[in-house]
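Residues per chain, in single letters:
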Amino acid sequence: MSETKRLVLLGSTGSIGTQALDVAEKLGYPVLALTAHRQVDVIEAQIRKFRPRYAAMSDKNAAADLKARVADLPVTVLSGAEGLCELAALPEADVVLNAIVGVAGLRPTMAALTAGHDVALANKETLVAGGALVTETAKAHGVRLLPVDSEHSAIFQCLQGAPVERALKRVILTASGGPFFGKTREQLADVTAADALRHPNWDMGAKITIDSATMMNKGLELIEARWLFDMPPEKIDIVVHRESIIHSLIEYDDNAVLAQLGLPDMRIPIQYALTYPRRVASPAETLSLAEIGTLTFFEPDNVTFPAMDLCRRALTVGGTAPAAVNAANEAAVALFLKGEIGFLDITAKAARMLAYTWPALNSLDDVLAADREARELVQKG
């Protein structure tokens, strides 16, 4: 059995957060703190079950509601972004799992790293927007960024047996292709949010599921991989793998390719990030290749789904351009979910950000300023 670690879970009410609590319960890890945005009913139930010492809601009205509801329990309730950052930096924590959706997860990640905590990172926007700033902070404080995304966890696991010099030729990210694999741009012009939310393999939150439908998710993961593994974008490839059994691969200079396989169950990468470097029995089902039968692979369609190339270009531009593209995408996805723009407009609005000049990335304030400006540009149309 692995050693016990005290867990701070940021974003406990979403898909990753609820699965992380399932993993923590089975591991016997005490939950030190929970945070959410507005889902008071869900986090109240979590608090009553896991009895954390601290909780926080980023929405201040929701925090006041939660505080009243759990007044009978010995839990301190904080509010706002400041409250999230305070809990991310709790000195008693052994690991902080960041499952917040969007760039709102960046500040708590920085707070956790600065406090000297390892961060199990499910919030890809932290590295998409913060890039070098985040990785340099982790290095400066001698702590680790442990990937939770299934693709990056796969690469991380494959790299465990790498020689010191690594000798990596390339990293290969797999993509399910989402619900619209094989469609043309013309066929996507009139799809609805309900259509886009029907992911074939994974159970994820709405924003990430829409990103998977546009393939922006894979573009953001490309940026994340660049920073997590210190790989130039030209050495990061993407292949569509419909079955989501191979989660990603690495290729060495001698053309040997290593892959990590498993059923599409996020509890596997969540648990590995929490127990690293140990492995323990998993709540996920055992993979039977005979039952799967066939694994298929396809080149990504960059004409129908230009988001992947857009993210490569944002990396090339550098500075706060990736933060701007990410922010524009977040804002556009929100508009699409409300029925205010079409599906193809999401990536188009994000792509317009590269028509502007974005400043260098020297501080957290630079990222947040680019984020605000990009959102304003999307809202203006």
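In case you missed it, the structure is sitting above this.
Description of the structure in this document. (Residues numbered from 1 in each chain as written. Predicted model: local features only at pLDDT ≥ 70, side-chain atom pairs only at ≥ 80, totals over all residues. Heavy atoms only, no water.)

1. Examining the sheet that holds strand S7 (residues 145–147)
Point 1. The 7 strands lie next to each other as S4-S3-S2-S1-S5-S6-S7, forming an open sheet whose pairing is parallel. Looking at which strands have only one partner, the edges of the open sheet turn out to be strand S4 (76–79) and S7. Mean inter-strand twist for the sheet, computed between neighbouring axes without regard to direction, equals 20 degrees.
Point 2. Examined bridge by bridge, strand S1 (residues 7–10) and strand S5 (residues 95–98) share 4 bridges and lie parallel to one another. Note on S5: the bridge partner recorded for valine 8 is valine 96.
Point 3. Where helix H3 (residues 60–69) meets the sheet, its contacts fall on strand S3 (54–57) and S4, and the angle it forms with S4 comes to roughly 170 degrees. (Pairing = 2+ DSSP bridges. Helix = DSSP H or I, 4+ residues; strand = E, 2+ residues; numbered from the N terminus. Axes fitted to C-alpha atoms, helices over the stretch in contact; angles between N-to-C directions. Contact = heavy atoms within 4.5 Å.)

2. Remarks on the packing of helix H15 (residues 321–337) against helix H17 (residues 364–380)
To characterise two packed helices, one gives the angle between the axes of the helices and the distance between these axes.
Point 1. Between H15 and H17, the shortest axis-to-axis distance is 8 Å and the interhelical angle comes to 40 degrees. Taken together, the axes of H15 and H17 lie oblique to each other. Where H15 crosses over H17, the two elements pack in a sense that is right-handed. For the pair H15 and H17, the contacting residues are Ala323, Ala324, Ala327, Ala328, Glu330, Ala331, Ala332 and Leu335 in the first and Val367, Ala370, Asp371, Ala374, Arg375, Val378 and Gln379 in the second. (Parallel < 35°, antiparallel > 145°, perpendicular 65-115°, else oblique. Left-handed = near helix turned anticlockwise from the far one by under 90°.)

3. A few points about the side chain of asparagine 98
Point 1. Tracing the backbone through its elements, the reader meets asparagine 98 in strand S5.
Point 2. A polar atom in the side chain of asparagine 98 sits 2.7 Å from the side chain of threonine 109. (Polar contact = N/O pair within 3.5 Å; in protein donor to acceptor, adjacent residues only side chain to side chain.)

4. A few points about the side chain of glutamate 92
Point 1. Within the secondary structure, glutamate 92 is located in the loop between helix H4 (80–88) and S5.
Point 2. Taking the relative accessible area as the measure of exposure, glutamate 92 reaches 18% and is therefore buried.
Point 3. For glutamate 92, the side chain forms a polar contact with the side chain of arginine 53, separated by 3.0 Å.
Point 4. Excluding its chain neighbours within four sequence positions, the residues that come into contact with glutamate 92 are Arg6, Leu32, Arg53 and Tyr54. (Buried < 20%, exposed > 50% of the residue type's maximum accessible area, 1.4 Å probe, protein only.)

5. Details of helix H2 (residues 40–50)
Point 1. Within H2, burial applies to Val40, Ile43, Glu44, Gln46, Ile47 and Phe50. Buried residues of H2, seen end-on, are gathered within an arc of 160 degrees and therefore sit on one face of the element. Away from its buried face by more than 90 degrees, H2 exposes Asp41 and Lys49.
Point 2. Next to the buried residues of H2 lie helix H1 (15–27), strand S2 (31–36), S3 and H3.
Point 3. At the C-terminal side of H2, arginine 51 shows a positive phi close to 50 degrees. (Arc of directions from axis to C-beta.)

6. Let's talk about the sheet that holds strand S8 (residues 168–175)
Point 1. With mixed pairing, 4 strands are arranged side by side in an open sheet as S9-S8-S10-S11. Of all strands in the sheet, those bounded by a partner on one side alone are strand S9 (236–240) and strand S11 (257–261). Strand-to-strand twist in this sheet, taken as the mean axis angle between neighbours without regard to direction, amounts to 20 degrees.
Point 2. Where S8 and strand S10 (residues 246–252) come together, 5 bridges link them in antiparallel fashion. Opposite leucine 173, over in S10, you have serine 248 as the bridge partner.

7. What about the packing of aromatic side chains?
Point 1. Tallying each qualifying case throughout the model produces 7 aromatic pairs.
Point 2. Considering the side-chain rings of phenylalanine 336 and phenylalanine 343, the 5.7 Å spacing of their centres and the 65 degrees angle between planes classify their relative orientation as edge-to-face. Both residues of the pair, phenylalanine 336 and phenylalanine 343, count as buried.
Point 3. Within the aromatic cluster, the residues linked to one another by ring pairs are Phe156, Tyr272 and Tyr276.
Point 4. Between arginine 226 and the ring centre of tryptophan 227, over which it is positioned, the NZ or CZ distance is 4.0 Å. (Phe/Tyr/Trp six-rings, centres within 6.5 Å; stacked < 30°, edge-to-face > 60°. Lys NZ or Arg CZ within 6 Å of the ring centre and 35° of its normal.)

8. Examining the pattern of salt bridges
Point 1. Throughout the structure, instances matching the rule amount to 27 salt bridges.
Point 2. The residue arginine 69 makes a salt bridge to glutamate 44 at a minimum N-O spacing of 3.1 Å. Remark: glutamate 44 occurs in helix H2 and arginine 69 occurs in helix H3; sequence separation between them is 25 residues.
Point 3. Relative accessible area serves as the criterion here: at 17%, glutamate 44 is assigned to the buried category.
Point 4. Taking the shortest distance from any N to any O, the salt bridge between aspartate 65 and arginine 69 comes out at 3.2 Å. In this pair, aspartate 65 and arginine 69 both sit in helix H3, 4 residues apart, roughly one turn of the helix.
Point 5. On the basis of relative accessibility, which here comes to 32%, the residue aspartate 65 falls in the partly exposed class.
Point 6. Through salt bridges with shared partners, one network takes in Asp41, Glu44, Arg48, Asp65, Arg69 and Asp72. (Salt bridge = Lys/Arg side-chain N within 4 Å of Asp/Glu carboxyl O.)

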